[in-house]
Structure formats: C-alpha cells, structure tokens
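# Examining the three-dimensional arrangement
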Amino acid sequence: GLTSLSGLLLERGVQRHPALALVVPVVSGLAGNLTSIGASRLSTHLHLNSSAVLAKRRESGGLTRRTLLLLNLPLQTAFLAMIGFLSIGHIQLTITFIAAYLLTTTLHPLLLLIVAPRLVRWLWARSLDPDTFSLPLLTALGDCTGTLF
C-alpha cells in the first residue's frame, strides 16, 4: 500500500540525492508523530462524548493543531543544528537549504494536521474506531508525503 509506495519514492530519491536518507525519516517521523497525537486527541474527545447530541458538537481542535505545529519548528531547527554541529550527511547548510527545509517541514505537518480531523470524523461516522484505523493511514500518508516533499 502506501508504505510500499513511500519506500519506492525514498529509494528513487536517495539515488538522486543521497542526503535524503538522513533527512526524510526525520521529516516524515516528526510530522507523523505530531499528527498521530492530534488524531488521538480528537478520537478521545469523540469517545468521551459519544452520545448522539454531543458527538454532533464539533471540537475544533484548533489550539491542539497550532500547538503541535509550533512544536515542529524548534525540533526541526534543533535537527538542523545537530547536522551542522556534527557535520552529518555531507549536507551544506546554506540559507537557501535551511529556508526550504523549514518551509517544507512546516507545510508537511500542516497538510497532515488538516487531513487528520477529517479522516477521524469520517471513520467515526462509519462506526470505525479512529484510533485503530486513522493512525496507520496517517502514518503511511505522512511517509509518502514526507518523501515527496
């Protein structure tokens, strides 16, 4: 499925740009973890408020999504600092690379954090446990999009 596709994309990308082997797991992993936290919080909200009336009430989760997105920037910056300090992966940390990396690593989790609540609600409306079904789907989607980004 999606995970196999992300593996193929990564393999092709690494052939062209060997440094991707270092960067992609961090980009995909962090975005996937942040998205999983957001999806789990919404799923918990739905489980706790599962009566017919309360389940219709929308929990926006905007604060959660903004907080998770804001966590991303210092973590990605720390990763870049570690690469630069330890000279890992033969990556040239130019201003252009840093700006592109930070933009990409902000857009990637943003995309996933937009998709996650829609997927969780879609699963919930079909009586499928979002914790069981959304997390693997979001992780696989994060791997694919992280490799593409």
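Look above for the structure.
Reference entry: report on the structure contained in this document. Here the structure is a predicted model, which means the values were calculated and not measured. (Residues numbered from 1 in each chain as written. Predicted model: local features only at pLDDT ≥ 70, side-chain atom pairs only at ≥ 80, totals over all residues. Heavy atoms only, no water.)

### Re the nonpolar core
Stated formally: Among the buried residues, those of types Ala, Val, Leu, Ile, Met, Phe, Trp, Tyr and Cys that are joined through side-chain atoms within 4.5 Å form a nonpolar core. Here's how the labels work: a residue is buried when its accessible area is under 20% of the maximum for its type, exposed when over 50%, partly exposed in between, all with a 1.4 Å probe on protein chains only. Helical segments are the DSSP runs of H or I of at least four residues, strand segments are the runs of E of at least two, and each set is numbered from the N terminus.
Counting residues in each nonpolar core, the largest one holds eight residues, listed as A39, L42, L46, A116, L119, V120, L123 and L138. Mapped by element, the contributors of at least two residues to this core are helix 2 (20–48) and helix 5 (95–125). In terms of residue count, the dominant contributor to this core is helix 5 (four residues). Counting seven residues, the second-largest nonpolar core is a separate cluster that includes F79, I83, I91 and Y101.

### Concerning the side chain of Q76
Note the threshold: For the purposes of these results, a polar contact is taken to be a pair of N or O atoms within 3.5 Å, where, inside protein, one atom must be able to donate a hydrogen and its partner to accept one; residues adjacent in sequence count only when each atom of the pair is a side-chain atom. When checking whether two residues touch, look at their non-hydrogen atoms; a contact exists if any pair is within 4.5 Å.
Summarising the element assignment, Q76 is placed in helix 4 (residues 62–86). In terms of polar contacts, Q76 uses its side chain to reach the side chain of Y101, at 2.5 Å. Excluding residues that lie within four positions of it along the chain, Q76 makes contacts with V26, V27, L30, Y101, L102 and T105.

### Section: helix 6 (residues 130–148)
Applicable threshold: Here the expected length of a helix is defined as 1.5 Å per residue gap, with one fewer gap than residues.
Taking 1.5 Å per residue as the helical rise, helix 6 with its 19 residues ought to reach 27 Å, and the 25 Å between its terminal C-alpha atoms agrees with that figure. Buried within helix 6 we find P130, S134, L138, A140, G142, C144, T145, G146 and T147. At the N-terminal boundary of helix 6, the capping side chain belongs to D129, with an oxygen 3.2 Å from the backbone nitrogen of D131.

### A word on the packing of helix 4 against helix 5
Spelled out, the test is: Interaxial angles span 0 to 180 degrees and are taken between N-to-C directions of axes, which are lines fitted to C-alpha atoms, for helices over the stretch in contact. When describing relative orientation, an angle under 35 degrees is termed roughly parallel and one over 145 degrees roughly antiparallel, while 65 to 115 degrees is termed roughly perpendicular and anything else oblique. For any helix crossing, the convention is left-handed if the near helix is rotated counterclockwise from the far helix by under a right angle, and right-handed if that rotation is clockwise.
Put simply, helix 4 and helix 5 touch, their axes get as near as 10 Å, and they point 150 degrees apart. It follows that helix 4 is roughly antiparallel to helix 5 by the angle criterion. Both helix 4 and helix 5 take part in a crossing whose hand is right-handed. Of the residues in helix 5, those in contact with R65, L68, L69, N72, L73, Q76, T77, F79 and L80 of helix 4 are F97, I98, Y101, L102, T105, T106, P109, L110, L113 and P117.

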